[in-house]
Amino acid sequence: MIMPKQKIKAKDKEKKTKRKTGAATESAEKKLKTYALLRGMHDVLPREEKYWKNLYHIAENLAEHFQFSRIETPILEEANLFIRSIGKGTDVVDKEMYIFEDRDSNRVALRPEITASAARAYIMHGMWNMTQPVKLWYWGPAFRYDRPQAGRFRQFNQVGFETFGDADPSADAELILVAHNFYKDLGLPVEIHVNSLGAPEERQRYKVSLVEYYRSKRSYLCDDCKQRLNKNPLRLLDCKQERCQPVKEDAPQIIDWLEEESKNHFTKVLEYLDELDVPYVLRATLVRGLDYYTRTVFEVFPAVSEAEAAVGLGEASQSAGRQSALGGGGRYDLLVQEIGGRPAPAAGFSLGIERSVSALKQYMDVNQIKPAVQKFDAFMAQLGDHARRRALKAINELRNSGLKIDYNFSKNSLKSQLETANSLQVPYALILGQKEVQDGTIIIRDMESGVQEIVDQKKMENLLKKKLSRFDDSRK
Ligand code: HAM
């Protein structure tokens, strides 16, 4: 069909306007579109860095001292590794795993924890052939599709320590000691709760009596507990609902179901802890949320300080704390075998970084403790283009010689640069202006007295080091 000319023109015009308005909406959309985080995910911002760095530093030092070697495993693993290790019927496996098929139809999962991966690596790399025990530590993200709330994220970070190939109670105690030292070094008072879950047969017999007891109290239980009765009876002891507490208090205790060998193991762990002066709380209802544990289990909670108790935060934070452990772990003698390795006893623990940082901040807040500021040896102030160029070079030279120099090249006025130097509490400011660049000199200003000295740039490093040496003890 042939269209008349006017019609063609009208159509073209329509198309053009459409294109124009379309482009306009698109560009408006482009401008407006901002992206939010996925639910349960969070950014770790620069203001948090000092805490994170400190925690990493403490973990690294402890690892070196207690001879744990760093292992890094992939975030993505075969889904079955976690299903078999952690166990069907646990919340982590049934409700919280990020599972999907990759492009080759492999069923993979974002790791919900790192112990199973460490055990997989132990088997896969023949670490059972090495001198035992093999002690590993890790730091990295884990993923759980949990209902997000305070202290509960869908991506969070764990630092963990695992000992493979050692069945002795001293290995359990050593791990609890490392966890204790971690928070001691951090300056955060904690409580460590311990219990023993015995061997699988002992636990099985205990479960029968637990279910029998809870069945007789069924009408008093919350709906979740009614389900736990059939699905995962040990988790009955974990219930936080008010109405279930009286039932829980009178429940049979697993310790009474332990045979001689398990009892002896637990007693020895506790004796070691006494000897090491590691305080602990015996908690008969501590069961942990993962299936692989045998014998010793433990969890770490923030302790309620005197100051918190005094300002009435005691009970609130105590109960909040009870719900969110900072970390936990225990012995898992059957896991390596369960996932296809030669039998190898093992034990370990992981600490949540986000929860530890948040508990530390809360503790510092309540106790009015200020975070330590990074200490610089000097602040480099500059005036003008030439001076800035020379200053950058000087900063690099000083850094190479081991000095810590701060600077801010976005500021041009000397006054504001010296104000920054003052707020950083640096002992010295180095000042470079046009004149100094021409003369090959630099001004060293004592920030406390305000006294300034013009020195040869070549002598600056030695002179600054000499001046700083008088602070040797106090600036460490
Ligand atoms: P877990 O108790 O499941 O144990 O996790 C250890 C810690 O990770 C918790 O105490 C908590 O601080 C942190 N965490 C867990 N889930 C979340 C979450 N959704 N958001 C924020 N933090 C969380 C384990 O993962 C075992 N692999 C521990 C272990 C190591 N057992 C033997 N070796």
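Computed from a prediction, not measured in an experiment: that's the story for all the values here. (Residues numbered from 1 in each chain as written. Predicted model: local features only at pLDDT ≥ 70, side-chain atom pairs only at ≥ 80, totals over all residues. Heavy atoms only, no water.)

Trainee: Hey, could you run me through the packing of aromatic side chains in this one?
Mentor: Aromatic ring pairs are described here by two measures, namely the spacing of the ring centres and the angle between the planes. Scanning the entire structure with this criterion turns up 17 aromatic pairs. Note on Phe-161 and Phe-349: the rings are 5.4 Å apart at their centroids and 20 degrees apart in plane angle, and the pair reads as stacked. Taken as a pair, Phe-161 in strand 6 (residues 155-164) and Phe-349 in strand 11 (residues 346-352) lie far apart in primary sequence, 188 residues in all. For the pair Phe-161 and Phe-349, a shared accessibility class is recorded, and that class is buried. With centroids separated by 5.4 Å and ring planes inclined at 90 degrees, the aromatic side chains of Tyr-213 and Tyr-214 adopt a geometry described as edge-to-face. Among the aromatic side chains, those forming a connected cluster through ring pairs are Trp-52, Tyr-56, Phe-68, Trp-137, Trp-139, Phe-161, Phe-298 and Phe-349. Lying across the ring of Trp-137, Arg-70 places its NZ or CZ 5.1 Å from the centre. (Phe/Tyr/Trp six-rings, centres within 6.5 Å; stacked < 30°, edge-to-face > 60°. Helix = DSSP H or I, 4+ residues; strand = E, 2+ residues; numbered from the N terminus. Buried < 20%, exposed > 50% of the residue type's maximum accessible area, 1.4 Å probe, protein only. Lys NZ or Arg CZ within 6 Å of the ring centre and 35° of its normal.)

Trainee: Just checking my understanding: could you explain helix 16 (residues 414-423) for this structure?
Mentor: Those residues of helix 16 lying buried are Ser-416, Gln-417, Leu-418, Thr-420 and Ala-421. In this structure, the buried side of helix 16 is in contact with strand 12 (378-382), strand 14 (428-432) and strand 15 (441-446). Positive backbone phi, at 55 degrees, marks Gln-425, one or two positions downstream of helix 16. (Contact = heavy atoms within 4.5 Å.)

Trainee: How do you make sense of helix 10 (residues 260-275) when you look at a structure like this?
Mentor: Residues three or four positions apart in an α-helix share a direction because the helix packs 3.6 residues into each turn. Spanning 16 residues, helix 10 covers 22 Å between terminal C-alpha atoms, matching the ideal 22 Å at 1.5 Å per step. Of the positions making up helix 10, those classed as buried are Ser-262, His-265, Phe-266, Val-269, Leu-270 and Leu-273. Projected down its long axis, helix 10 shows its buried positions confined to an angular sector of 130 degrees, all on one face. Counted as exposed and oriented over 90 degrees from the buried face of helix 10: Glu-260, Glu-261 and Glu-275. Of the surrounding secondary structure, the elements contacted by the buried residues of helix 10 are helix 6 (169-186), strand 7 (190-196), helix 7 (200-216), strand 8 (281-282), strand 9 (296-302) and strand 10 (327-331). Once helix 10 finishes, Asp-277 follows within two positions and takes phi at roughly 60 degrees, a positive value. (Expected span 1.5 Å × (residues − 1). Arc of directions from axis to C-beta.)

Trainee: I'm lost on a negative patch on the surface in this one. Help?
Mentor: On the surface, Glu-271, Asp-274, Glu-275 and Asp-277 cluster together into a negatively charged patch. Overall, Glu-271 belongs to the partly exposed group, its relative accessible area being 48%. (Patch = residues over 30% accessible without salt bridge, like charges linked within 9 Å, V, L, I, M, F, W, Y side chains within 5 Å. Areas by Shrake-Rupley, 256 points an atom, 1.4 Å probe, with all protein chains shown as cover. Salt bridge = Lys/Arg side-chain N within 4 Å of Asp/Glu carboxyl O. Lys, Arg positive; Asp, Glu negative; His and termini not counted. Charge placed at Lys NZ, Arg CZ, Asp CG, Glu CD.)

Trainee: What am I meant to see in the layout of surface pockets here?
Mentor: The probe, sized like a water molecule, is rolled over the atoms to show the empty space still left. Of the pockets and cavities examined, the second largest pocket occupies roughly 570 Å³. Broken down by secondary-structure element, the contributors of at least two residues to the lining of the second largest pocket are helix 2 (49-65) and helix 14 (353-366). Top contributing element to the lining of the second largest pocket by residue count: helix 2, with six residues. Residue composition of the lining of the second largest pocket, grouped by class: nine nonpolar, four polar and five charged. (1 Å grid on protein atoms, 1.4 Å probe; cavity = no way out; pocket = protein on both sides within 12 Å on 5 of 7 lines; lining within 4 Å. Points joined across faces, edges and corners; volume = space filled by probe spheres on them. Nonpolar A, V, L, I, M, F, W, Y, C, P; charged D, E, K, R; others polar.)

Trainee: In this structure, what is going on with the pairing of strand 14? I would like to understand it.
Mentor: Walk down a regular strand and you will see the side chains alternate between the two sheet faces. For strand 14, the buried fraction is high: five of the five residues fall into the buried class. Neither face of strand 14 is open: one carries Tyr-428, Leu-430 and Leu-432, the other Ala-429 and Ile-431, and all of them are buried. Looking at chain direction, strand 12 and strand 14 are connected through five bridges and run parallel. Each residue of the ladder has a partner; that of Ala-378, found in strand 14, is Tyr-428. (Pairing = 2+ DSSP bridges.)

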